[in-house]
Structures are given as structure tokens and as C-alpha cells.
Amino acid sequence: MSSQPHSPRQIQLTALLAGLCLVIGACGNSDGNDGASGKEPLHIGVETGLTGANATDGAAQLAGMKAYIAMVNAGGGINGHQVVLDTADDGNNPANAPGAARKLVETEKVLVLTNTISATSAAILPYLKARKVLLIPSSGSTALISDPQSTVRLVRTGYAGLAAQIVEYGVKNLNVKRVAIAYTPDAIGEPARDGALAELKALGLEPVAVVQYSSTAANTSAQAAQLKAANPDFVVVNNISSAVAPLIKAADQIGFKPIWGSTTAMVGSGTVATLADQLDGRSYFSTSSVLPDSPDATLYQTWMGKTGGDTTLYPSMDGWNIATGAIAVLRRAMAAAGGKVPTPEQVLNAADGTTINDAYTHNLAWTGTNFNGPTGAQVITLKDRKFKQVQAFQNVPTVS
């Protein structure tokens, strides 16, 4: 080794590089090993919308994932391997999704991909099937798992089952008699429509109206008028808040103020921020996630606090649950690989046989033929700008 003293410029460059390592936390060994344990880290890809519509929810979900991963790493990781989250922002835009997925899979070498919404999941599913990469989305769209070769595994109860539960709750607990359905012709709206129709039939009822509208339409006054003309006391609608807001606001403007029923797709900060005036006190949601301020969520609250996350944002709990599913599968894959870092295909194979039943995820069991999420869900309401439980967790109705 040279004993020549370093020049001032060399000293400045060394200090600068050290500072960069501290900022980005990415200066490990040249072979990719984790600096602390000497073992190669395990990479989980997070593709989400950190910009654009619903960016607040995307950031909250990422925060929930970070909290859960911090807990796992503090406990030694998986067989001594630390877990790393690699993120890609697709803006929740299907046009951006394939490029983001390729970056994570081919450049970052992630073992599993997570957190995409329904539309972006559908856009990358053919690519992931070809590459044999597991996807655990933030969506509950059963359309994503209709193909028996799908690589998607849901950690949310499917929208069909959730919609069936909210119809059942409306009829049995709220004594509604006239139920209408408003739906978007996509992977979020259609499964919920089908679940609501199936449960109405099981209850011996017919919908008073089934109205289709576009999730991208700025003006939905005609559909709101159509719903009002049918005179329902309960309307089932399902999509993210930005897609549902124009319809609900249009209904409110013409004096049509039914009880609204939806699913976890609408349970987020966007709904509180944009629709609280229209929904507060007359809306109910079926969801498989526990409330962030629930007594059952103390572990979540602790680690969100340790990582600087906002525990008041409901989607953070979704991120926690997504990370739970990903880690459960990685543990199984590592065991099957004899403690070695598995391939993405080995991770996908390990998904089947994964079961989770804890305070956060109720009765999830993935098999070679069942890719659906947990069977347990609760019903919550929006009251005083806060989501509150009105029915404890129970199994959702079976939708054939």
C-alpha cells in the first residue's frame, strides 16, 4: 500500500463519497452483500404511484412496508439476510407500468414485485408471467387471478366478496330495501358489480338499477340522474376515490343522497379529503385491513413510530399487510432453497402453500388453485372524518 499522503482534493472526494453513502444507504460490498451480515440482501420491488392521482396513498403504503421490513431486519432479517425495498414510481399509470416493472426485475433483480394497483397490475401481468415473477398488488381485483397461470397473489379480500359483504350488511343491518349498483367497466368495478349482484340474488332481491360510468369521466351527471330516478336507498360503487368522486358529487348536487356502500378500494386519505362532506355519516365499506388505530395494531403502531411513518393514514396498513405476505413467501422460498437466496421462480413456487392468520390478515391461504386474499373482512363507516368499525371481522359471503 502506498504511504504517499493524500492530496486535499483526494480527501475532499473521499469525504464526499462517504457522505453519499450515508444519504442513500447503498454503499455495500461490490458483490452486493449486505455490509452488516456479509450476506447478500433480499430485494423486494415496490412499484407504486408516488406522483399523480392518489400519490398520498402510494406513499402511505410504502411507509407501511418500510415499517414492517424494518421490524424484520431488526430481528435478523431472513436467515441473516437483510431485506431491501427497491422502488419505482409508475404514477399509477398503466402506460408507465411495464418500464417500471422491467427496471425492478431486470436491473434491481428483485425477487418479488409488490404494491401495484389494478390497472397497472393488468398492464404488467403478461411480462411477469413470462418472467415467472410473483406479484403481490395493493389491489383486490379477482380479475387479476382469473387465469390459472397468473403470478398474482392477493393480500386483500377480492372485490367480489367485499361487495357481497357490504350488500349483506346493508340489507341485514341497515334494513335497506332498494339497492342500486354503479360500476366502472374495469378490473375494480366489474368484480364488485358481480359480487353485489350475486349477494342480492342470494337474499332474494333484484337491483333497482345497474348503471355503468367511466372512471375517467369528469362529468357523470347523466349517470347520477339515472340512479336518482331508480330511487334506491343504498348504492354500491367501487373504485379509488378519484374515480368515484365525480359520480358522488354529481349525485349530491341534484339532491340525491342515498347510503353509499363500497370496499377497501375507497378506504384512503383521498376519500376523507375529497368526499367527507358527501359521505360522512352515510357510507359503509367492507375491508380486510384493520384500522390503524385499532388495539390489534399495536405492533404496526410501534414500528411506524420507529420509522417516522404517519399512523393516521389508513393505506399504511395495506403496505404492512403487503410486506407481511412478501416476507412469508420469502421465508418459505429460502427454506426450500436450503437457506440460499432463491430465484424469482422459486419464490413464485413458494407462494402456493403460504398461510397467514394473525391480527392483521384473517385466514389467508394460497394454494395452486386459490390465489385469493383473506376470507375475513370487517365493515367500517366514515364518521366525523374518521373510519370506524361497525362490524367485526367475519368471513365474507362466498361468491361463485
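Rules and cut-offs
Residues numbered from 1 in each chain as written. Predicted model: local features only at pLDDT ≥ 70, side-chain atom pairs only at ≥ 80, totals over all residues. Heavy atoms only, no water. Helix = DSSP H or I, 4+ residues; strand = E, 2+ residues; numbered from the N terminus. Buried < 20%, exposed > 50% of the residue type's maximum accessible area, 1.4 Å probe, protein only. Polar contact = N/O pair within 3.5 Å; in protein donor to acceptor, adjacent residues only side chain to side chain. Contact = heavy atoms within 4.5 Å. Pairing = 2+ DSSP bridges. Right-handed = clockwise from strand over helix to strand, strands pointing away. Salt bridge = Lys/Arg side-chain N within 4 Å of Asp/Glu carboxyl O. Axes fitted to C-alpha atoms, helices over the stretch in contact; angles between N-to-C directions. Arc of directions from axis to C-beta. pLDDT = per-residue confidence, 0-100. Phe/Tyr/Trp six-rings, centres within 6.5 Å; stacked < 30°, edge-to-face > 60°.

A separate point is the side chain of Ser 288. Looking at the secondary structure, you find Ser 288 in the loop between β9 (283–287) and α10 (298–306). In this structure Ser 288 comes out as buried when scored by relative accessible area, which is 2%. In this structure the side chain of Ser 288 is engaged in a polar contact, spanning 3.2 Å, whose partner is the backbone nitrogen of Thr 157. Leaving out residues up to four positions away in the same chain, Ser 288 has contacts with Val 155, Arg 156, Thr 157, Leu 162, Tyr 360, Pro 374, Gly 376, Ala 377 and Phe 393.

What follows is about the pairing of strand β6 (residues 209–212). Both faces of the sheet carry side chains from a regular strand, because those side chains alternate between them. Only one face of β6 is buried: it carries Ala 209 and Val 211, and the other face, with Val 210 and Gln 212, is open. Relative to β6, strand β5 (residues 179–183) is paired through four bridges, and the arrangement is parallel. Residue Ala 180 lies in a different strand from β6, and its bridge partner there is Ala 209. For the segment spanning β5, helix α6 (residues 189–202) and β6, crossover handedness is right-handed.

Turning next to the environment of Phe 256. On the secondary structure map, Phe 256 appears in the loop between α8 (241–253) and β8 (259–263). Considering only alpha carbons, one finds Phe 256 and Ile 136, 120 residues apart in sequence, at a separation of 38 Å. Those residues in contact with Phe 256 that lie beyond four places of it in its chain are Ala 224, Leu 227, Lys 228, Pro 232, Val 235 and Ala 251.

Turning next to unusual backbone geometry. A positive phi angle, near 55 degrees, is found at Asn 92, a position not held by glycine. Along the chain, Asn 92 falls in the loop between β2 (83–89) and α3 (97–107). Phi angles above zero are rare outside glycine, and Lys 132 is one such case at about 60 degrees. Mapped onto the elements of the fold, Lys 132 is located in the loop between α4 (118–131) and β4 (134–136). Given a relative accessible area of 36%, Lys 132 falls into the partly exposed group.

Right, let's get into the pattern of salt bridges. Under the criterion given, the structure shown has 11 salt bridges. Where Glu 106 meets Arg 131, a salt bridge forms, and the shortest distance between an N and an O atom there is 3.8 Å. Separated by 25 residues along the polypeptide, Glu 106 in helix α3 and Arg 131 in helix α4 bring together distant segments of the chain. For Glu 106, a relative accessible area of 32% corresponds to the partly exposed category. A relative accessible area of 41% places Arg 131 in the partly exposed class. Close ionic contact of Arg 193 with Asp 194 constitutes a salt bridge, the shortest N to O distance being 2.9 Å.

Taken together, the seven strands give an open sheet; going across it, the order is β6-β5-β7-β8-β9-β12-β13, and neighbouring strands pair in mixed fashion. On the outer flanks of this sheet lie β6 and β13 (386–395), each paired with one strand and no other. Pairs of neighbouring strands in the sheet enclose a mean axial angle of 20 degrees, with direction left out of account. Sheet contacts for α6: β5, β6 and β7 (234–237); angle to β5, the most-contacted strand, approximately 165 degrees.

Owing to its 3.6 residues per turn, the α-helix brings residues three or four apart onto one side. Burial within helix α9 (residues 269–279) is extensive, with eight of its 11 residues counted as buried. Every buried residue of α9 is listed here: Ser 269, Gly 270, Thr 271, Val 272, Leu 275, Ala 276, Gln 278 and Leu 279. Projection of α9 onto a plane perpendicular to its axis shows the buried side chains occupying an angular sector of 170 degrees, all on one side. Counted as exposed and oriented over 90 degrees from the buried face of α9: Ala 273 and Asp 277. Following α9 by one or two positions, Gly 281 has its phi on the positive side, about 90 degrees.

Per-residue pLDDT for the chain averages 90, and the proportion of residues at 70 or more is 91%. Long-range and interchain partners of residues 1–33, a stretch whose pLDDT sits below 50, account for 13 contacts in this model, where long-range means more than four residues apart.

With that out of the way, let us pick up the packing of aromatic side chains. Counted according to the given criterion, the structure contains seven aromatic pairs. Their ring planes at 40 degrees and their centres at 5.6 Å tell us that Tyr 169 and Tyr 284 sit as a pair that is tilted. Of the two residues, Tyr 169 is situated in helix α5 (residues 159–173) and Tyr 284 in strand β9; the sequence distance between them amounts to 115 residues. Residue Tyr 169 is classed as buried on the basis of its relative accessible area, which comes to 9%. Here Tyr 284 falls in the buried class, since its relative accessible area comes to 14%. Where Trp 320 meets Tyr 360, the ring centres are 5.6 Å apart and the plane angle is 45 degrees; that geometry is what we call tilted.

Pairing within the open sheet is parallel, and its four strands lie in the order β2-β1-β3-β4. Edge positions in the sheet fall to β2 and β4, since each has one partner strand and no second. Between one strand and the next, the sheet's axes are offset by a mean angle of 25 degrees, whatever the strand orientation. By the bridge criterion, seven bridges tie strand β1 (residues 42–48) to β2 in an arrangement that is parallel. Bridge pairing in β2 links Thr 48 to Asp 89. α4 rests against β1, β3 (112–114) and β4 of the sheet, and its axis sits at about 160 degrees to β4.

It is worth spelling out the environment of Asn 372 at this point. For Asn 372, the position within the fold is in the loop between β11 (364–365) and β12 (376–383). By relative accessible area, Asn 372 is classed as partly exposed at 25%. Sequence separation between Asn 372 and Ser 241 is 131 residues, and the spatial gap between their C-alpha atoms is 23 Å.

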